[in-house]
Amino acid sequence: MAPVSSGARAASRPMYRTLLGILAAFAVALAAVGLTFSATRESPADLRVANGTEPKSLDPQLTTGNIESYISDALFEGLARYDAATVRPVPGVAESWDISPDGLHYTFHIRKNARWSDGHRLTAGDFVYAWKRLLDPSVGAEVAYLLFPVAMAEAYNTFDEHAATIAKKLLPALAALRARSPSGLDASSWQRFLSENKVNDPLRPLDDAALDALVTRRGGVTAAELDAFRAGLERARELLSSQAAEARAHFGIDRGVVARDDATLEVELHAEAPYFLQLMAHHSSFPVPRWALEKYGDRWFLPATLVSNGPFRLERWVVNDHLRVARSTTYWGKDEVRLGSVDFVPGESQMTNLNLYLTGALDWIPDYFPKQLGPELRKRKDYYGVAGLSVYYYRINTTRPPLDDRRVRKALNLVIDRAVITEHVLSLGQLPAVTFVPPGLAGYAPAASAIRSDVAEARRLLAEAGFPGGKGFPHLGLLYNTNEDHKRVAEVVADQLRRGLGIDVTAYNQEWQSFLDTVRGLNYDIARAGWIGDYADPNTFLGSWVTGGANNETGYSSELYDRLIRFASDLRPFVADPEPTLAKLKEPDPIRALLGPARTGAPSEQREARGKIRMLLFREAEALLCNDDFPVIPLYFYVHAGLIRSYVRGFTPQTMASDVTLGLRNLWIEGPRGAPE
Amino acid sequence: MSAGEALAVATGVTALGGVAWLPPRATRVCGALFGGLVAFGIARAAWGLPVGAVTGVAGAALLGRYGPATVLRRLTFLVPSLLLLVFVTTLLMYHAPGSPFAGEKVVSAQVEAALRAHFGIPKSAVEFFGIYLRRLIFEGSLGPSVKVQGRTVEALLAPALPVSITLGLLALMLASAAGLLLGVHAGLRPSSWSDSASTVLSAVGLSLPSFVIGSVLMVVFSLGLHWLPVAGWGGFRELVLPAVTLALPYAAYIARLARSGTIEVMNEDFIRTARAKGLPESAVVLRHALKGAILPVVSFLGPAAAGIMTGSFVVETLFGIPGMGQWFVRGAINRDYSVVLGTALVYATLVTAFNLAVDLAYAWLDPRIRSRP
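All of these numbers come straight from a predicted model, not from anything done at the bench.

A few points about the domain arrangement of chain A
Residue and element names in this part refer to chain A.
- For chain A, the assigned domains are domain 1 (12–151 + 255–348), domain 2 (153–250) and domain 3 (557–629).
- Centre-to-centre, using C-alpha coordinates, domain 1 lies 40 Å away from domain 2.
- Contacts between the two partners involve eleven residues from domain 1, matched on the other side by seven residues from domain 2.
- Both sides of the domain 1 and domain 2 interface together cover about 790 Å² of buried area, and 57% of this is carbon and sulfur.
- Counting the surface domain 1 buries against domain 2, the share from its top three residues, Leu135, Phe148 and Arg255, is 60%.
- On the surface where domain 1 and domain 2 come into contact, there are zero salt bridges.
- For the pair domain 1 and domain 2, the interface holds four residue pairs in polar contact (both at pLDDT 80 or more).
- Classifying every residue of the side of domain 1 that touches domain 2 gives eight nonpolar, no polar and three charged.

Quick notes on the interface of chain B and chain A
- Every contact between the two is made by 52 residues of chain B and, on the other side, 59 residues of chain A.
- Here chain B and chain A share an interface that buries about 4,800 Å² over both sides, 59% of which is from carbon and sulfur atoms.
- Joining chain B to chain A, the criterion identifies two salt bridges.
- Residue assignment for the side of chain B that touches chain A shows that the elements contributing at least two residues are helix 5 (109–119), helix 7 (153–188), helix 9 (210–224), helix 10 (236–266), helix 12 (281–309), helix 13 (313–319) and helix 14 (325–334) of chain B.
- Residues that form the side of chain B that touches chain A fall into these classes: 29 nonpolar, 15 polar and eight charged.

Section: empty space enclosed by the protein
Residue and element names in this part refer to chain A.
- Following the criterion strictly, the structure yields six cavities of 30 Å³ or more and no others.
- Estimates place the volume of the largest cavity at around 180 Å³.
- Contributions of two or more residues to the lining of the largest cavity are made by helix 2 (66–75) and strand 2 (80–82).
- The leading source of residues in the lining of the largest cavity is strand 2, at three residues.

Rules and cut-offs
- Residues numbered from 1 in each chain as written.
- Chains lettered and ligands numbered in written order.
- Predicted model: local features only at pLDDT ≥ 70, side-chain atom pairs only at ≥ 80, totals over all residues.
- Heavy atoms only, no water.
- Domains from an automatic or database assignment.
- Contact = heavy atoms within 4.5 Å.
- Buried area = accessible area lost by both parts, 1.4 Å probe.
- Salt bridge = Lys/Arg side-chain N within 4 Å of Asp/Glu carboxyl O.
- Polar contact = N/O pair within 3.5 Å; in protein donor to acceptor, adjacent residues only side chain to side chain.
- Nonpolar A, V, L, I, M, F, W, Y, C, P; charged D, E, K, R; others polar.
- Helix = DSSP H or I, 4+ residues; strand = E, 2+ residues; numbered from the N terminus.
- 1 Å grid on protein atoms, 1.4 Å probe; cavity = no way out; pocket = protein on both sides within 12 Å on 5 of 7 lines; lining within 4 Å.
- Points joined across faces, edges and corners; volume = space filled by probe spheres on them.

Here it is, written out as C-alpha cells:
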C-alpha cells in the first residue's frame, strides 16, 4: 500500500494546484464580468427608439444619412423646423422672416432667447460660420451642394477645383487628342473623350452655350471646333478662377450670407428657390458652436464636449449600445418639450429589433423590422405606414448596345408588372411607380407617363428594334447590392423580362462597395438604385439626370433635359427668351399663358406665376424621362412603415415622410407601459 | 499587385522564415528586445511615456535574463509577423474594390482629396503603411476611424474587447465543462446513453448555424417563457443566451475530441498497469487517464480561445452585444482601413498568446514534450 499512498499524495498536490488555478481564473473572469457591467446599469429612458446602425458622426454639416439626421434634429435646431403635423417649415431659431418680392433676399430675425447649451447666446454669426464651414472645400462636406442656391456658394465650394481640373486634366487631354487626330474626330471618339474625362462636370455651372453645344453633341467634331473648344476651356478656366477668388473675398462677409447684427441674418440667393425654407430645416444649415470646434476639433461632438442648441442635449453615447439625449434646459421652447430623455438604440439585426419591441424593451421601431413579416405586422394596431419621398428604380446603362436604343429601354419598362411586385413581393402598401418623382409634392403634377404594363406593345417595340421574340438579344445582367429584399425584387423582375420578352436575363449581386464601384464605372447592364429626396421639391429628384451629373451614372444625356433643369434653377434667361425652348416642349401653352403674369403684374402674382412655370418645366423634364428616353426603370415609391407603442402620444405618421426628423419635440408618454399584445 | 509590393511581401515572408534559423543567443537577445518593445507599447498606451519607457527597459532586461527559451522564440517571431500582417492586410484592403469614402451619393474628387488628407489615407498602399506605422510607433495610436467619426480605433476597441473576452471566457468554460464531462464519460462507457448523447450533441452543435441556435433559444426562453431578456448587455441575465449559443458548437467539438482522446488513452499500457496495481477506477481515470485525454482538447482550445474571444459577429448582432466581432465585419464592409488593421492586430496578438499558452500547457501535461527546447 505504501507506494500507492505516497503516489496518491505526491500526485494530488499538482491536482489541487490545478483546481485552485482554475478557480482563480474563474474568479478573475467573474470580476471582469462585474467590471464590464457596472458602467451600463442605469434607469431606462422615457422613449427608446431603434435607430438602425451606429451613427457615423453627430456633426450636422458632415452627416448624410437619416440615422444621424434624426439625432441631429433632436440636438440642434436651424432657422426653421418641420411642423410635425403639416411637415412644412415653421419658425425655429428664427422667430420670423421676410422674403423679398423677387424671392432673392431672405431676412431672418433670430430669437433673443435662443441659447447654446453652455449658455452662450445664439447669434447670426453662428449661422454664417456654419454655412462657410459647410461650403469650405477643405472640410469635404458631402451635402454642401444643398446650399448652392445661395449666391456665390457654388463658386466658394467648387470653382477652384473645377479650374484646376480644366488646367491639369482637360486641357492636356485635349492637346493630346488634337495631336493624335489633326483632322477632327468621329462621333464615338468624341463621346469617349467626353465620358472618360468627365468633361461636363466643371463646365456645367458656367452656362456657356458654345461649350454646351459641343459637349452634348452626339456626332463628330471638326478640327476647327476642337480649337474653338480649347479656347472655350481657357475662357472657362479664367472665369472659374476669378469667380472663386471673388467668392472667397466676399462670401459670408458682404455677399451670400451676412450677419447684419447678432439677431439678423440676411441671405442672398443667386436665383429664386421656392424650397429654400425647407433647406433651413435640414441639418446641413444648422448652426455650430465656433468656440467648441476651434478648441476640440474632430472630437467636438462627443458627449464630454458637445455644445448644442436644440430641444435635447447629449447625455451619454456608448458606442454600439445606446445614445441618450435628455431635455435641454437652455432651449427657447423648453416648456413645449415633454419627453425627459430619449434613447437611440442601434441594432444590426432587424429580427432582434422586432423581438425587443415585442417584449417591451423598445417603444418605437421606425422601419428596422424584417420586411417579410410586413403582411402580418400590417394588421396590428400599432403599425403605421406613410408614403415617403423616395423612389426605388433600376438604372439602364445607355452607353451599351442594344440598351442605347430607346425602343429597347421602353420595351423593358413596359413589360414589367409593377403591381405584382408591390402587392405580392413587398406587401407594405408601396405604390407602383410609373414616374420618377413621388406623388404628393405640393404644386407639382407629374407628367403623363408612357410607362404601363403592356406586354404586347413591349414585344412590338423589341421587334422594331431588331430583336423579334428576343432573338439575337444579348444576355443581360441585372445587378443589385447584397440584400434579401433587393434579391426578391430582382428575381421577379428578371423573370418578367425573360417570360415577357424572351430575352436572357440573370440577376446577380455584389456587396455594397463593389456594387458602387461597378455602377460608377458603367460596368453594368441594369443596376438597382434608390433615391431619397433631400427636400419636398422635384429639383432633388430630377437634378441628377443632367449630362455627366455625378449621380447620373447611366450615360444619359439630353440637351433639352439639361436646358430645362437649368431654367428651372434660374427662370430669368427663360422668361427673357422662351420661344426656342417652348417650340420643343409637349405642352407649351400653359407656360406661354403664364409668361405674361410672370413679367408684369403685382409682385405676389409674379412670384406665383414663376412658381407655376418652374413646376411645368420640371414636368416637361420628367416627361422626357418617362415618355421619350427611359434611362431608368422606376419600380415603386417607398413607404415609411414602423411600429410605435400606443402610450407614445403626439405622434403623427406624416412626420416620417420628411425623412429628416422624428418629431421628438412634440411627443410625450401617457398611459400604462406593459409589454404589447 | 505591383512588382514592388510583391517583392516586399516576399522579402517579409523570407525574413520571417529566417528567424527560425537564428542561433539561441541571437534569439534570446531579439526576443528580449521585442518583448520589451511590446511591454513599452502597452504601458505607454495605458500610463504614458515615462512609465512606458521604464516598463519597456525593465521588461527587456528581465526577459533576457530569466525568460524561458520557448517564450523568447515566440516573441522573436511576434513583431516581424505583426509587421508582415499589417503590410499584407493593407495591400489586400487597397486592392479590394471601393474605398472608405464611397457612398450612394457621389463625392467629388476635391471632397475626396480633402477627406483623404484629413484621415491620412492616401491612394497608395505603401504610403498608407508608412503613415500607419509612424502613427503606431510615435503616437501609440491605431488611427482614426472613418465611419465612426471623432473616435480613434483604440477608443472603439477598448470597451468592446472586455465584453467579447467576458462572453468568450464564459462560453469557453461552459463548452469545456460540458464537452469534457460528456466526452470523457462517453469515452469511458462507449455505446452508453452518454455516447449517444454526445453524438447527438455533436451533430446538432456542429451542423446548426449559430443564428438558428440563437434564434431558437431566444424564441423559447425570451419570447415564450419570459425567463431571460431578448438582447442587450448589462447584467448576468443578458449573458446567458449568447454564452450558450456561442458555447454549443465548441462543446460539441470538445466532446468528440475528449471522447476519442479518452478511448485512446484507456487502451494504453500504463492504464492496464495502474488497474493491475489495484487502483480504484476513479483514481485511474482522474490521475492517469485525464491528462492524456485532455491533450487533444488543449491543442484545440488555443486557437479556439482566440477565435471565441474576438467575438462572433452573428451572435453579437443577434443579441445586440457591443463586442469586437462587429468591428471585424463592419470595418471590412465599410472599408474602414484603420479598424480592420486594429482588429487584425488584436486577433493576431491573441492567437499568438493563446498558442504560446497551449504549448506551455502541453509541455506541463505531457512530460515527453518537455524535453524539447
